Amino acid sequence: MTRMDTSNSHDIETTPLIPAKSSKKPKTPLPKLQIGILISLHLAEPIASTSIFPYINQLIRELGITGGDDAAVGYYAGIIESLFFAAQALTVLKWGRLSDRIGRKPVLVIGLSGACISILCFGLSTTFWSLVISRCLCGLLNGNVGVMKTMMGELTDSTNMAQAFALFPIVWSIGGFIGPLIGGTLARPQDHWPVLFANAFWEKFPYFLPCAVAACLFVLAVFMLSIFLEETLPTKRRPKSTSATLGISSDELLPQQSMAYTPLQSLLTPSVVIPIANYALLALLDISFRALLPLLLSTPTHIGGLGFDPATIGSWLALFGITSGIFQALFFARIIDWIGPKRAFHISVSCYVPLMAMFPIMSWIVRARGEVDHAITFALLCLTGMQLAWNMAFGAIFMFITASAPTNNVLGAINGLGQTSASVARVIGPTLATSLFAVSKEHNLLGGNAVFFVLIVLAGGLRWLASQLPDEVQDRDE
């Protein structure tokens, strides 16, 4: 009897150890066709948004609104770059909630069509206020990024999420390579190819050509979306969209339908708010870096810039984009599998301090040497290396935000909340960074480097927020 009791006791004690040995779930195969189509649609957005960076500062100078003050260009560049996100912040949550009701595809069609129209208006703008209207139009009609993240979340689970969400930074990197090349190469075509572009139209609208190319990509994206992309919202899926095609089980239909109107307030739990707060501050710091970089590159050398022309700026921004894309494609999923998403996020956000430190170092080199030489080239290559690690943070935080949604029926709302907070941050970021840049240079605050000090302090706050994230990405199915 005693022996039997001992045996039973031993069984009870050792039973919990059995699943611990095989706790790692096998990876679910990705639905490659649908994800490939989704990523192809997403590519049009970063190409269009980054194509204006090489020439935006020159465009503002040519409009004459600064009165010839080169240091004031930063104010207006920051305003224009912020307007899209200001308008997007007003509507992106509504687009996300709407996609939970009418489906993901209709919202994407509206967003891509609006982006197409707005970029054409931007290219036809000849006044500051026409630039303002075109950027606001694009933001108001654009809920694409949040909805695409929602679709990606519905196509994946915790076993293959890193592999799928790594594609978003890759797409932005590829877009960050192609976009600046388009903008830098095709801006003012009458100067580069006077025989082909001798018409007076190109003198009046010298920046229309890169905008027209970006608009064509949106037209192609709408065509692909309408024909090839399958709906992922279970209540709106057609019967032929099987789980083998989309990676979604058909038994989700009833729960999704019954919970379609989940109150927004019920989603504001710490498990949701903390990842979104990290994303918001990450977005603010990132957009500040991306606004400051072309500004520093284009600012004349006598006030601490590098004095590059739009074509050179476009080439460097393209290099940053393509190297980041290659790095994300080859190493992001492996790094996540190796050290986990939280530690990867910690390492990435810690790179922001040296990233910002490179800006005053480059300004100092130009002042000390009196010209842009090989030392600046080396410094820009170092900057390229550091931004590789920084860009990893986005793929990691997307995983935490998607995993924070308790069920798929609120994924649109969760990603809408995330995109709203990021849009607000991206409103503040360019205006704050470029205005501080201008004030720092005009009043020589901290040797003209006050803006970098402020951003480094904010990066310390992000490092603390990162420590509040959960240790592991949880599976919604569990």
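Cut-offs used in this document
- Residues numbered from 1 in each chain as written.
- Predicted model: local features only at pLDDT ≥ 70, side-chain atom pairs only at ≥ 80, totals over all residues.
- Heavy atoms only, no water.
- UniProt positions renumbered as here; feature names shortened; annotations may be inferred.
- Helix = DSSP H or I, 4+ residues; strand = E, 2+ residues; numbered from the N terminus.
- Expected span 1.5 Å × (residues − 1).
- Buried < 20%, exposed > 50% of the residue type's maximum accessible area, 1.4 Å probe, protein only.
- 1 Å grid on protein atoms, 1.4 Å probe; cavity = no way out; pocket = protein on both sides within 12 Å on 5 of 7 lines; lining within 4 Å.
- Points joined across faces, edges and corners; volume = space filled by probe spheres on them.
- Nonpolar A, V, L, I, M, F, W, Y, C, P; charged D, E, K, R; others polar.
- Axes fitted to C-alpha atoms, helices over the stretch in contact; angles between N-to-C directions.
- Parallel < 35°, antiparallel > 145°, perpendicular 65-115°, else oblique.
- Contact = heavy atoms within 4.5 Å.
- pLDDT = per-residue confidence, 0-100.
- Core = buried A, V, L, I, M, F, W, Y, C linked by side-chain atoms within 4.5 Å.

Named according to an unreviewed UniProt entry, the protein chain is Major facilitator superfamily domain-containing protein originating from Suillus plorans. According to UniProt, the comment filed for the protein chain under the heading Subcellular location (unreviewed entry) is "Membrane".

1. Observations concerning helix 19 (residues 352-369)
Note: α-helices contain 3.6 residues per turn, so residues at a spacing of three or four share the same orientation. The terminal C-alpha atoms of helix 19 lie 26 Å apart, and with 18 residues this matches the ideal 26 Å at 1.5 Å per residue to within 8%. When we look at burial in helix 19, the residues that qualify are Y352, L355, M356, M358, F359, P360, M362, S363, I365 and V366.

2. Focus on empty space enclosed by the protein
If you walk through the whole model with that rule in mind, you get three cavities of 30 Å³ or more. A volume near 880 Å³ is recorded for the largest cavity. Considering the residues around the largest cavity, the lining is formed by 44 residues, among which S49, T50, W172, D286 and R290 are closest to the centre. With eight residues, helix 16 (residues 270-298) is the largest single contributor of residues to the lining of the largest cavity. A breakdown of the residues in the lining of the largest cavity according to their chemical character gives 24 nonpolar, 13 polar and seven charged.

3. Thoughts on the packing of helix 18 (residues 341-350) against helix 19
Interhelical geometry of helix 18 versus helix 19 gives an angle of 15° and a closest axis separation of 5 Å. Here helix 18 is positioned roughly parallel relative to helix 19, judged by the angle of their axes. Contact with helix 18, carried on its side by S348, V349 and S350, involves Y352, V353 and P354 of helix 19 and no other residues of that element. When the residues that make up the contact of helix 18 with helix 19 are grouped by side-chain class, the tally is four nonpolar, two polar and no charged.

4. Some thoughts on the confidence of the model for the protein chain
Low-confidence regions, as indicated by low pLDDT, have predicted coordinates that should not be scrutinised in detail. Per-residue confidence for the protein chain gives a mean pLDDT of 80, with 86% of residues at or over 70. Helix 2 (residues 17-21) is the least confidently modelled element of the protein chain, averaging 39 in pLDDT, while helix 13 (residues 208-228) averages 94, the highest of any element. Low pLDDT (under 50) marks residues 1-22, which in the prediction has zero contacts with non-local residues, meaning those over four places away or in another chain. Confidence drops under a pLDDT of 50 for residues 248-260, and excluding neighbours within four residues, the segment shows 21 contacts in the predicted structure.

5. As for helix 21 (residues 411-443)
Over its 33 residues, helix 21 runs 47 Å from end to end, which matches the ideal 48 Å to within 8%, given 1.5 Å per residue. Within helix 21, 24 of the 33 residues are buried, leaving the element largely enclosed by the surrounding structure.

6. Structural notes on the nonpolar core
Core analysis: the biggest nonpolar cluster contains 126 residues, and F345 and L383 have the highest contact counts within it. Every residue in contact with L383, bar those within four places of it in the chain, is listed here: F289, L293, F320, L355, M358, F359 and M362. In terms of nonpolar packing, the next biggest core, distinct from the first, is built from nine residues, I182, L186, L209 and A212 among them.

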